[in-house]
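Examining the three-dimensional arrangement
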Amino acid sequence: MATTITKTETFVGKRIRRKEDPRLITGTATYVDDIQMPGMHYAAILRSPHAAARILAIRTDAALRHPGVVAVFTGKDVEGIGPVPCGASLPGLRVPYHSVLARDRVYFVGHPVAVVVARDRYIARDALDWIEVDYEPLPAVADPEKALEPGAPAVHPEWPDNIAFTYHQEAGDVDKAFAEADVVVKQRIVSQRLIPTALETRGVVADWRSGEKSLTIYSSTQIPHLMRTLVAQALGLPENRLRVVAPEVGGGFGSKLNVYAEEILMGFVAMKIGKPIKWIESRRENFLCTIHGRGHVDYFEIAGKRDGTILGLKLKLIQDLGAYHQLLTPAIPTLSVLMMPGIYRFRNIRAEVIGVFTNCVPTDAYRGAGRPEATHGIERMVDMLAAEIGMDPAEIRFKNFVRPDEFPYATPTGLSYDTGNYATALEKAMEVAGYHQLREEQKKARQEGRLFGIGISTYGEICAFGPSPATPAGGWESATVRVEPTGKVTVLTGSSPHGQGQETTFAQLVCDELGVDIDDVVVQHGDTAMVPYGIGTFGSRATAVGGTAVYFALQALKEKIKKFGATLLDSDDVSFSGGVCICNKTGRTVSLAEIAAASYRAAKLPPGTEPGLVSTYFWEPPNFTFPFGAHIVVTEVDRETGAVEIKRYVAVDDCGKVINPLLVEGQVHGGVAQGLGQALYEQAVYDDNGQLVTGELMDYAIPKATMVPRIETDRTETPTPVNPLGIKGVGEAGTIACSPAVVNSVVDALSPLGVRHIDMPLVPEKLWRLIQKGGQA
Amino acid sequence: MIPQNFTYQAPKTLEEALALLADGTAKPLAGGMSLIPLMKLRLAAPERIVDLGRIPGLNYIREEDGKIRIGAMTTHYEIETSPLLRARCPLLATTAAHIGDMQVRNVGTIGGSLAHADPAADYPAALLALEAEVRLVRAGGERTLPIRDFFVDVFTTALEPGEIVREVVVPVEAPGTGTSYQKVAHPASGFAVVGIAARVRRGDGKIALARLGVTGLASKPFRADAAEKRLEGTDGAETDLRAAAAAVTEGVEANSDLYASAEYRAHLARVYAVRGLRSALQAA
Amino acid sequence: MKISGSYTLPAAPERTYALLQDPEALAASMPGCRELVRTAEDEYEMKMNVVISSIQGLFAGKIRVADKEFPARFRLLVEGDGKIGFLKGEGVLTLSPADGATEVHYDGEVQVGGMIAGVGQRLLDATAKYLIKRFFEKMAARVEQPS
Ligand SMILES: Cc1cc2nc3c(=O)[nH]c(=O)nc-3n(C[C@H](O)[C@H](O)[C@H](O)COP(=O)(O)OP(=O)(O)OC[C@H]3O[C@@H](n4cnc5c(N)ncnc54)[C@H](O)[C@@H]3O)c2cc1C
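Everything numeric here is computed off the predicted structure, so don't read it as measured data.

**Quick notes on unusual backbone geometry**
For the bond from Phe465(A) to Gly466(A), the omega torsion is -25°, close enough to zero to count as cis. Relative to the helices and strands, Gly466(A) resides in the loop between strand 18 (451–460) and strand 19 (477–483). The linkage connecting Phe70(C) with the following residue, Pro71(C), adopts the cis geometry, with an omega of -10°. With respect to the secondary-structure elements, Pro71(C) resides in the loop between strand 4 (55–69) and strand 5 (73–82). The phi angle at Ser53(C) is positive, at roughly 55°, despite the residue not being glycine. By the secondary structure assignment, Ser53(C) is in the loop between strand 3 (43–52) and strand 4. According to the relative accessible area criterion, Ser53(C) is partly exposed, its value standing at 30%.

And the structure:
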């Protein structure tokens, strides 16, 4: 045997640059729209300009007369397929039939009415203008509270109250808590509708091979396997004849954690015309037809003692569902209820959820999905209580935190928090920010008449979705690790990423376990024909669940490597580390590549061992994980204009063990940017008639790089026992923590004027009006 | 986002272009930063496009007889970074730096911006404060207009069918002139919610010249004459600036949209007029 | 969107009132009006090609006049539909004498939908004002012609 060098370099915990970035930043990655196939046809979708209307007639003959137009399908052609699936269930949930194309009625602006199939995408687009639809416009309702008023237009005529479900959760003795309270603070808080705005819009390519009776769907999705199951059902196709591929996916933020009409529709079209078909969503369609996020009106009441003890919380949550249930629509507000207590010890809680239909595009999971709304609510209410009793917002939090010795902590909403050290995170954030000096600075600023604010949010979140009994479609994840005959390593993961960087983090895990180099590992994902069934990437689960599956697959593989190593070294006492197997008696070694070659050559198999070095593991997590942290934001409001300046942004996050600090910080940066978007800029505005008037990026303001302040990141590290890696997840933390910190800060800045609460987004005119009023008062 | 079919023509000379445009049925194309988005949304559907981009000699910034001439096809970026403008007419260069983002500035042109006449475009404020002139040409003729006669209303200018912007002429600043462009940018589009170009000169300790160009506030950009008059002859004290700024919105019907009501826009215009004048005076 | 304003037309209220409901005068004054056909008492169908610089939209629509109180006020109901969107508006025009001329005050509400609602909100207000101004300017020019 040749002498082999043991690798001592480790990768986990290091700032490794992302393996996927070179192709992404040089334009050589393959997205759905980059796929070209011989004979490919193109689809364009005619969409309703009305929020509510009866379809009286559709005339397609003018379009069909054009030689480039191959087919036009309308609602009556697709009666045999669908519906668009809803995966969530709640007792008594009303589920409107969500047909793939509108039948006799449209329910929101953008509702698909017809699909044109043409030789090229230009003709397809032109043909939309040649289709005539006679609509009889009907009254629409776009505001969830107005939809609940008696006499409001019924979104679905069969349910005139517009209520899709109600949901009640209660723990402790809420009435007693409120009766015993020294103070009760009430506030209506809106978490406005947001448009997820992934950089890559959605897109679908469908390819039907009639000879093989098999369909391949390429879709920009976060969940290729779930899509395969659900689209196969919707099309009545055996699931083993459908392959779903998620090629490069340019962001999703939850908006691609879904099965949309278009995936089913393109599958149908491909099978009808016998040619590959492509549909690429325009930005305008993306705004109108891809799910929106948030959309809450929350009525909170918090009860407390003068000493700062929180006694209880009441919430009436009105969820704007939109016109239909997409995959998880009705489930999202229930997550808000679960996380309502935040990281505080009080036990008395009552939540009433009303899911309301409106003539708008459905809401569903958007980065944070239910938790930003909950965190915004509790963090605002805690601040309001503190203001009411004249206590420092940091102090009231320290007083009410769940304590480190109370874990695992059973929450009144039925969760079991794994680990936490909330006070330490807040102390750290206060230290980084220089909290006490900042308060001094604030005093001075106020004397000068400046509007200077300091805001804290201490959040807890629920991640690593999740144990299967608690999730609609299974909460485990799969991984396959394969050492190829040459010693190179391939990882297959069911957590198909869309920008998160699993190709790097999972490779780091492999490197340390197998002693290979980062360039020797390829992580593959997103193709149901290649990867064992998996669940997907969402809910900050990829590394905590998918990464753990990789870890367990590696453990099994290492056992096998040792067996082959022992056979090759002719020893019964070997160990494997740093990429070599060593005989503990003689010191002789054999490298992983040699072992791999021998395992496939299979000339001498260890007893009871299969050839090859492949290991597959399906890991079921025993619990969620519960990351936490503290963000502190310093703002100053321009007294003359109401404009907000973020002067400092301090983020201390605890996501358990960190595999790659660079990626963790990247997730925090991106999350905070989206949180700032909600806090300061973004709002999907529907007018009274259900027209989306922020229908383009010219009007809907997502934060640009120049609008995001420097973010001072730091962290504490409290591992979770839920998985052997100790990791919790960080994909949504920044978004969840950010908006309450910003709003608390701006409310603090305006508090000398008597301001107690402001709803997002904190646009300058709104603040200017408050300042004007304060000046007069 | 696919435009309707159109015929594309790319003449190599100005004469050829003017001939192609003469009947008024074609649209000139410059940087395409405004025209192409409209076409993609099918809000504009010209049947014929005449691309001015292949015509040599429309892209320049040069000084002649105490004036600076800027060709219609000069990009925002070239104006922003022109050493000549930075030294001799800095207001225009600093204003250009406020337009959109880097990509837009690299491609969009001053001629296109003026012809498009978006009521929230940045250049008009500066050009009004500079009392610029625009030279217009059409097949067989040309004319020069003072900038304030060029803007008519929303998206509407004095350009006749078949006529194009040939060049923009701005003065070389006299010593002692201070200028400033102050803008509230819309967080989504980047366009001016309000934009104020201020230009002042002192003489004998008093304000000898005051010019204020206003964009974004109303349906067309305008010179705030009343404000200018109120300021000229004063000491330029803070109270003078405030009094002048108050006049900026007098009698003006302010625009309103989702982001800023008419009332708030008018307020912003007054606040930014003070800020603009203050910073122009500091630079004077 | 609420729309209100006023414009003074150089004719007495009686004549102004008549002109503002005269199909020919309306057709000539409405920006881009290509065709205006009377379909019933106080009801018209029209075709418009509204052009504002590069922006262009073909609309087919209906106009209805109601609540007539000669020569002081009437209600105008307008509906238009085209590829780039649709609009529906209703307003009251109040005419009051002003030194031999008439001040026409309009106060109404317009709903827009489709593309123009989705991408146009930043400029709708200014554009609407502009179109109304163009209408009244043309009307004024017409009023000045001897009848
Ligand atoms: C994302 C984005 C952000 C922007 N932000 C801003 C901003 O903050 N401030 C701002 O001021 N602008 C902004 N703009 C607009 C930008 O400045 C455009 O470049 C400018 O309005 C048009 O110039 P263009 O050369 O691209 O003209 P084009 O788009 O090619 O043409 C515009 C119009 O002018 C006509 N035209 C072009 N050249 C001539 C000519 N020489 N003579 C006669 N007619 C002509 C065309 O027919 C067309 O009708 C933004 C644009 C984008 C896309």
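Past the structure itself, the notes keep going.
**What about the environment of Gly671(A)?**
All names here are of chain A. Mapped onto the secondary structure, Gly671 falls in helix 17 (residues 661–681). Judged by its relative accessible area of 0%, Gly671 is buried. Residues Gly671 and Glu732 lie 61 residues apart in sequence; the distance between their C-alpha atoms is 6.0 Å.

**Describing the nonpolar core**
Here is a general trend for soluble globular proteins: nonpolar side chains tend to be buried in one another's company. In this structure, Val115(A), Leu215(A), Ile264(A), Leu265(A), Met266(A), Ile277(A) and Ile632(A) are the most contacted members of the largest nonpolar core, which totals 144 residues. The contacts of Met266(A), once residues within four sequence positions are left out, are Ala43(A), Ile45(A), Val115(A), Val204(A), Ala206(A), Ile277(A) and Trp279(A).

**Notes on the site of the ligand**
Near the ligand you find 32 residues, and of these Pro28(B), Gly32(B), Leu35(B), Thr109(B) and Asp122(B) are the closest. Two or more chains meet at the ligand, and those chains are chains B and C. Within the side chain of His76(B), a nitrogen or oxygen atom sits 2.9 Å from an oxygen atom of the ligand. With the chains in place, 93% of the 970 Å² that the ligand exposes on its own is no longer accessible. Secondary structure elements with two or more residues in the shell around the ligand: strand 2 (26–29), helix 7 (110–116) and strand 10 (164–171) of chain B.

**A few points about the state of the cysteines**
All names here are of chain A. Overall, the coordinates contain 0 disulfides over all chains when judged by the stated rule. Cys463 forms no disulfide, and the closest cysteine sulfur to it belongs to Cys655, at a distance of 8.9 Å. The class of Cys463 is buried, set by a relative accessible area of 0%. Free of any disulfide, Cys738 has its nearest cysteine sulfur in Cys463, 16 Å distant. The exposure class assigned to Cys738 is buried, which follows from its relative accessible area of 0%.

**Remarks on the sheet that holds strand 2 (residues 53–59) of chain A**
All names here are of chain A. Read across the sheet, 3 strands follow the order 4-2-6 without closing on themselves; strand pairing throughout is antiparallel. The outermost strands of the open sheet, each flanked by one partner alone, are strand 4 (105–106) and strand 6 (132–137). As judged from the 6 bridges shared by strand 2 and strand 6, these two strands associate in the antiparallel manner. Across the sheet, residue Ala57 finds its bridge partner in strand 6, namely Asp134.

**Let's talk about the packing of aromatic side chains**
Residues and elements named next belong to chain A. Applying the stated criterion to the full structure yields 26 aromatic pairs over all chains. With a centroid separation of 6.0 Å and 85° between ring planes, the pair formed by Phe398 and Phe401 is classed as edge-to-face. Plain terms: the ring middles of Phe465 and Phe624 are 5.2 Å apart, the flat faces sit at 70° to each other, and that makes the pair edge-to-face. Within this pair, whereas Phe465 is found in the loop between strand 18 and strand 19, its partner Phe624 is found in the loop between strand 25 (613–619) and strand 26 (628–637), the two being separated by 159 residues in sequence.

**Examining the interface of chain B and chain A**
Contact with chain B, which involves 24 residues of that partner, is made by 28 residues of chain A. Counting the surface lost from both chain B and chain A, the interface buries some 2000 Å², and carbon and sulfur atoms represent 57% of this. Sorting the residues of chain B by area buried against chain A places Ile2(B), Arg42(B) and Tyr264(B) first, and these three jointly supply 27% of that buried surface. Taken together, the links from chain B to chain A amount to 6 salt bridges. Measuring nitrogen to oxygen at the nearest pair gives 3.1 Å for the salt bridge that ties Arg42(B) to Asp129(A). Along the contact surface separating chain B from chain A lie 13 residue pairs in polar contact (both at pLDDT 80 or more). A total of 7 residues in the side of chain B that touches chain A trace back to one element, the largest contributor, which is helix 12 (residues 262–283) of chain B. Considered class by class, the residues forming the side of chain B that touches chain A number 14 nonpolar, 6 polar and 4 charged.

Scoring rules and cut-offs
- Residues numbered from 1 in each chain as written.
- Chains lettered and ligands numbered in written order.
- Predicted model: local features only at pLDDT ≥ 70, side-chain atom pairs only at ≥ 80, totals over all residues.
- Heavy atoms only, no water.
- Helix = DSSP H or I, 4+ residues; strand = E, 2+ residues; numbered from the N terminus.
- Buried < 20%, exposed > 50% of the residue type's maximum accessible area, 1.4 Å probe, protein only.
- Core = buried A, V, L, I, M, F, W, Y, C linked by side-chain atoms within 4.5 Å.
- Contact = heavy atoms within 4.5 Å.
- Near = heavy atom within 4 Å.
- Polar contact = N/O pair within 3.5 Å; in protein donor to acceptor, adjacent residues only side chain to side chain.
- Areas by Shrake-Rupley, 256 points an atom, 1.4 Å probe, with all protein chains shown as cover.
- Disulfide = S-S within 2.5 Å.
- Pairing = 2+ DSSP bridges.
- Phe/Tyr/Trp six-rings, centres within 6.5 Å; stacked < 30°, edge-to-face > 60°.
- Buried area = accessible area lost by both parts, 1.4 Å probe.
- Salt bridge = Lys/Arg side-chain N within 4 Å of Asp/Glu carboxyl O.
- Nonpolar A, V, L, I, M, F, W, Y, C, P; charged D, E, K, R; others polar.

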